[in-house]
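# Per-entry structural report
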Amino acid sequence: MESVDYQNVISDKDIRRFPISITTTEVNLTGSWRFYKPEFKEKISPCSVGCPANTNIPKYIHYLLKNDMDRAVEVLRRENPFPATCGRVCPHFCQSKCNRKDYDGAVEIKQIERFVGDYALKVPPKKAKVLSSKKVAVVGGGPAGLSCAYFLALGGYRVDLFEKERFLGGLLIYGIPDYRLPKEVATKEIENILEVGNINVNLGVDVNKEKVEELKKNYDAVFVALGLSEDKTPGNVAIDNEHVFSGYELLKEIKVNGRVDLDGDNISVLGGGNVAFDIARSIRRAGKDVNIICMETLETSPAFEDEKKEAIEEGIKVVDSRFLQNLKITDRGLHLQLRGVDKVLDNYEPVLNDYVEYMDTDILIVAIGRKREESILGIEGVFFGGDFYNGAKTVIEAVASGKKAAFEIMAKLEGKEFKLMNEDDQFFRSTDDFDEYKVIPFERININYFSEQKPIKLSRLAANERVNNFNEIVMKPSLEKILREAKRCFSCGVCNECKTCWFFCPDMCIDVHEKVDFDYSFCKGCGVCSEECPRGVIDMVEDK
Amino acid sequence: MDFREVTNIEYMNQGDFACPGCGAGLSMRHALKVLGDKTLIVMPASCWSIISGVFPTAALQVPLMHVPFATAAAVASGVKNAFRKKGQEDVNVVCWAGDGGTFDIGLQALSGAAERKEDIIYVCYDNEAYMNTGIQRSSATPPGAWTTTTPTGNPLIYEKKDMFNIVVSHNPAYVATATIAYPDDFYQKFEKAKNAKGFRFIHLLSACPPGWRIDSKDSVKTMRLAVESGVFVLMEKEQGKPTKVTYKPDRFVPIKEYLLSQGRYKHLDKDTINKLQIMINEHLASLGLL
């Protein structure tokens, strides 16, 4: 290069005689320096392990925040055709597993699901095509049966669904009171399920053992989810529908007629489960005095905590740790003799103590559980699910068992082996929407990206307002509140396109669009993306 | 900070010669995102003179002048005045110097430019030693730290030069400390520096994985830990206003956690760590943070 005397630089032309780099460093493929390379691996959030249906919760929350409601609905419905229902009645096992729980409080997933579920009511699912000549019979039109039919129909199978009652829905339509689950919501969700097509509904068909045997011959597979059909009663009590009623039957009457007339102002309900609390609260709404008598203590009784709390707020008296020893019908009503209970054994047998108490009441309602029709359970080669198989459980557990059965049936009919995605967690999703089965623990969350923020406060109708009607108790949070809550989600193990990896990549090798792409020609393998990813989506693997 | 709102435009090319996990490369990338294409970088000898590529390649899409070690601020003053003469007042002339070119060798030119209130931005990316020549100690090396010239640790009496206050004493338009581990703070400070007129100085803490003896993946984490432990305080001073601490952790992490996460401090005994903790506490107390 010709030397230039600085004093003689007077024009642009002279400047060009200085050494100037004009090409790009992109000729250096720095990717060759690398020993480790980043890989995009979506994993499992603890909430979705908690959820019996294993819903990909972070994913639908992500689409909600992206204002892509249709895809949020799609993700949610992929695992659970009852989002609006579950957004109301599900005890949300997911929330008890939330990584945020011990940080600043679990994300209020229930209300987010309810919000997306309510939107989903207006979005009928796409029609499914018939892909198989095989036919499946589903017995029982409750959440388990409907869920099984839904997934079979989506899988291209034709389904004949049999239901004893005049409407589909089982407990959703005939059991859960309107203040917990408005009838319109459940009805609309069932309509949406039927929109998928391929499902032929047969109402008013009472299926017994012989009928199941017959179905087994005529169909390629049979799924039975009849629910629990018979009331349990204590040995010394008989339901006479005059002084002693069945809680289930009354709930059904209330759901069908909107009201029930009982002759008496002082009502006692026997039982400590959700049904006991449901019937007690429903009757309280007719202005009666209601007692609940249960064997367990109030804290250990099996009903949901919200139910107990709200029942007491509504003025229901709980007489706990009491066993109904004797009952006398007098002309003034019922005379109950109650014994104290020390504890309740696992087989629901009480250990009594010497305490004796007497109580007068006008009417006794029995809601201590139901049993199933045992004879059907013996039939081989039939799939079972729902409460019928698992005992009294929640709606989401029924949905999950229906879903698993549907995929088990499809695998069997296609000659494949049905495999859970993880045996220990009993994890099963309808789609393989993750790259590695690894549950993200709290330690894997990069907490620096999340400041502490308490969950939203829910507004509830005041007790004195709600005892006059069957309106929903938890009011719909505003859109702003829902979005604020959705933003709290750590999105454990699921990419939400936060672009943290992109921001901190010193080599401009990351492109985030739906998922993360790496430019391996230039990536030096520093691993900052993997370390900074707030949710553990990027792994460093040895690069050979 | 919502990273989705950060511009996608890059002013740096791939294939630069920064080590994996380099804090300086990352800082430049984001500084240019704020400063934009109307920027000219003046660069004394430093790691970045290597990072920017060998002739005839360039890692930056904005003009960059390589200048002798001691002259960055002086050259930048000249360049800015030339632009002004040519009517191109809106060009940001930025000195991008390492700690050697700022704390030691470039200090005289820096002081001169600050004193003359030259209209330039001086960015010191501080990796706390002469890294590219082989990790020799500088006056920015913190007490206790290992370097090749302080094999038993930098003596505790060699307190790191307080560059923030040295520059503040010249009463310039804007002085700040920042690190890319705090993106919000980093962007706001560069935005402020860009919009102010007069001499502006930004002291960046910038992790050096080989020199600090850390895993390259931990570079951002280590910078963050420096702030969380109070070793590096994020603050700023605008002309005519008091010094303001821009980020204060809810609770300072013990300095031990910061020190022992790095190989350059691994020889420290408990006693030394306690002494260092006391020094940091005194500094934090003087800023009213403890």
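Please read these numbers as outputs of a predicted model, since none were measured by experiment.

### Quick word on the overall build of chain A
Looking only at helices and strands, chain A features 21 helices and 20 strands. Viewed in the frame of its principal axes, chain A has a C-alpha envelope of about 125 × 55 × 40 Å. With 544 residues in all, chain A has 45% of them scored as buried. Contacts spanning at least 24 positions in sequence make up 72% of the contacts within chain A whose residues lie at least 6 apart.

### A look at the overall build of chain B
Secondary structure summary: chain B contains 11 helices and 9 strands in total. The C-alpha atoms of chain B give a radius of gyration of 18 Å, which matches the 19 Å a tight globule of 290 residues would have. Projecting the C-alpha coordinates of chain B onto the three principal axes gives extents of approximately 60 × 45 × 40 Å. The buried share of chain B, reckoned over its 290 residues, is 52%. If you take every contact in chain B between residues at least 6 apart in sequence, the share linking residues at least 24 apart comes to 67%.

### Let's talk about the sheet that holds strand β6 (residues 174-178) of chain B
Residue and element names in this part refer to chain B. Sheet architecture is open: 8 strands sit in the order β3-β1-β4-β5-β7-β6-β8-β9, paired in mixed fashion. Two strands bound the open sheet, and with one partner strand each, they are β3 (64-66) and β9 (244-245). With 3 bridges joining them, strand β1 (residues 39-43) and β3 adopt parallel strand pairing. Paired with valine 42 across the two strands is methionine 65, which belongs to β3. Strands in contact with helix α3 (residues 72-85) are β1, β3, β4 (92-98) and β5 (121-126); relative to β4, the strand with the most contacts, it is inclined by about 170°.

### Side note on the interface of chain A and chain B
Taken together, the 32 residues of chain A in the interface contact 30 residues of chain B. Elements with a contribution of two residues or more to the side of chain A that touches chain B: β1 (23-24), α20 (500-504) and α21 (528-532) of chain A. In terms of residue class, the side of chain A that touches chain B is made up of 15 nonpolar, 11 polar and 6 charged. Both β1 of chain A and strand β2 (residues 57-58) of chain B contribute to a ladder of 2 bridges, which runs parallel. The residue of β2 of chain B that forms the bridge with threonine 23 of chain A is threonine 57 of chain B.

### Some points on the nonpolar core
Grouped together as the largest cluster of nonpolar side chains are 195 residues, with contacts concentrated most on Val139, Leu152 and Phe223 of chain A together with Val42, Cys95 and Val123 of chain B. The leading source of residues in this core is helix α17 (residues 395-413) of chain A, at 10 residues. With residues up to four places along the chain from it excluded, the contact list for valine 42 of chain B reads Met65, Val67, Ala72, Val75, Ala76, Val79, Val93, Val94 and Cys95 of chain B. Judged by nonpolar contacts, the second largest core, of 34 residues, contains Val290, Leu334, Leu338 and Leu364 of chain A.

### As for the sheet that holds strand β14 (residues 350-361) of chain A
Residues and elements named next belong to chain A. The strand order across the open sheet formed by 3 strands is β12-β13-β14, and the pairing between neighbours is antiparallel. In this open sheet, the two strands that pair with only one neighbour each are β12 (322-330) and β14. The sheet shows a mean angle of 15° between the axes of neighbouring strands, taken without regard to direction. As judged from the 9 bridges shared by strand β13 (residues 333-344) and β14, these two strands associate in the antiparallel manner. Looking at β14, one finds that lysine 343 is bridged to valine 351.

### A word on the domain arrangement of chain A
Residue and element names in this part refer to chain A. According to the domain assignment, chain A consists of domain 1 (135-173 + 183-229 + 388-413) and domain 2 (232-371). For domain 1 versus domain 2, the separation of C-alpha centres amounts to 31 Å. Facing the 5 residues of domain 1 at the interface are 5 residues of domain 2.

### Let's talk about the packing of helix α13 (residues 274-284) of chain A against helix α14 (residues 305-313) of chain A
A pair of packed helices is characterised by two quantities: the angle between their axes and the separation of those axes. All names here are of chain A. It is the contact of α13 with α14, at a shortest axis distance of 10 Å, that shows an interaxial angle of 30°. Relative to α14, α13 is oriented roughly parallel. You can see that α13 and α14 cross each other, and the crossing is left-handed. Each of Asn274, Phe277, Ala280 and Arg281 in α13 lies in contact with α14, whose residues at this interface are Glu307, Lys308 and Ala311. Each residue belonging to the contact of α13 with α14 can be placed in one class, and the counts come to 3 nonpolar, 1 polar and 3 charged.

### Side note on unusual backbone geometry
Note the cis peptide between phenylalanine 55 of chain B and proline 56 of chain B, where omega equals 5°. Within the secondary structure layout, proline 56 of chain B lies in the loop between α2 (47-51) and β2. The backbone of asparagine 198 of chain A shows a phi angle near 70°, a positive value even though the residue is not glycine. For asparagine 198 of chain A, the location among the structural elements is in the loop between α10 (183-195) and β5 (199-203).

### Comments concerning the environment of serine 451 of chain A
By secondary structure assignment, the location of serine 451 of chain A is in the loop between α17 and α18 (463-466). Once the C-alpha coordinates of serine 451 of chain A and tyrosine 103 of chain A are considered, the two residues, 348 residues apart in sequence, prove to be 9.8 Å apart.

### Remarks on the confidence of the model for chain A
Here chain A shows a mean pLDDT of 92. Residues at 70 or above account for 98%. Summarising per-element confidence for chain A, the mean pLDDT is lowest in helix α1 (residues 12-15) of chain A (74) and highest in α20 of chain A (97).

### Some details on α17 of chain A
Residue and element names in this part refer to chain A. The end-to-end C-alpha separation of α17 is 27 Å, in line with the 27 Å expected for 19 residues at 1.5 Å each. With 16 of 19 residues buried, α17 is to be regarded as a mostly interior element. Glycine 415 lies just past α17 and shows a positive phi near 70°.

Reading the values: rules and limits
- Residues numbered from 1 in each chain as written.
- Chains lettered and ligands numbered in written order.
- Predicted model: local features only at pLDDT ≥ 70, side-chain atom pairs only at ≥ 80, totals over all residues.
- Helix = DSSP H or I, 4+ residues; strand = E, 2+ residues; numbered from the N terminus.
- Buried ≥ 20, exposed ≤ 12 C-beta atoms within 10 Å, placed from the backbone.
- Contact = placed C-beta atoms within 7 Å.
- Rg over C-alpha atoms; globule rule 2.2 N^0.38 Å.
- Pairing = 2+ DSSP bridges.
- Axes fitted to C-alpha atoms, helices over the stretch in contact; angles between N-to-C directions.
- Nonpolar A, V, L, I, M, F, W, Y, C, P; charged D, E, K, R; others polar.
- Core = buried A, V, L, I, M, F, W, Y, C linked by C-beta atoms within 7 Å.
- Domains from an automatic or database assignment.
- Parallel < 35°, antiparallel > 145°, perpendicular 65-115°, else oblique.
- Left-handed = near helix turned anticlockwise from the far one by under 90°.
- pLDDT = per-residue confidence, 0-100.
- Expected span 1.5 Å × (residues − 1).

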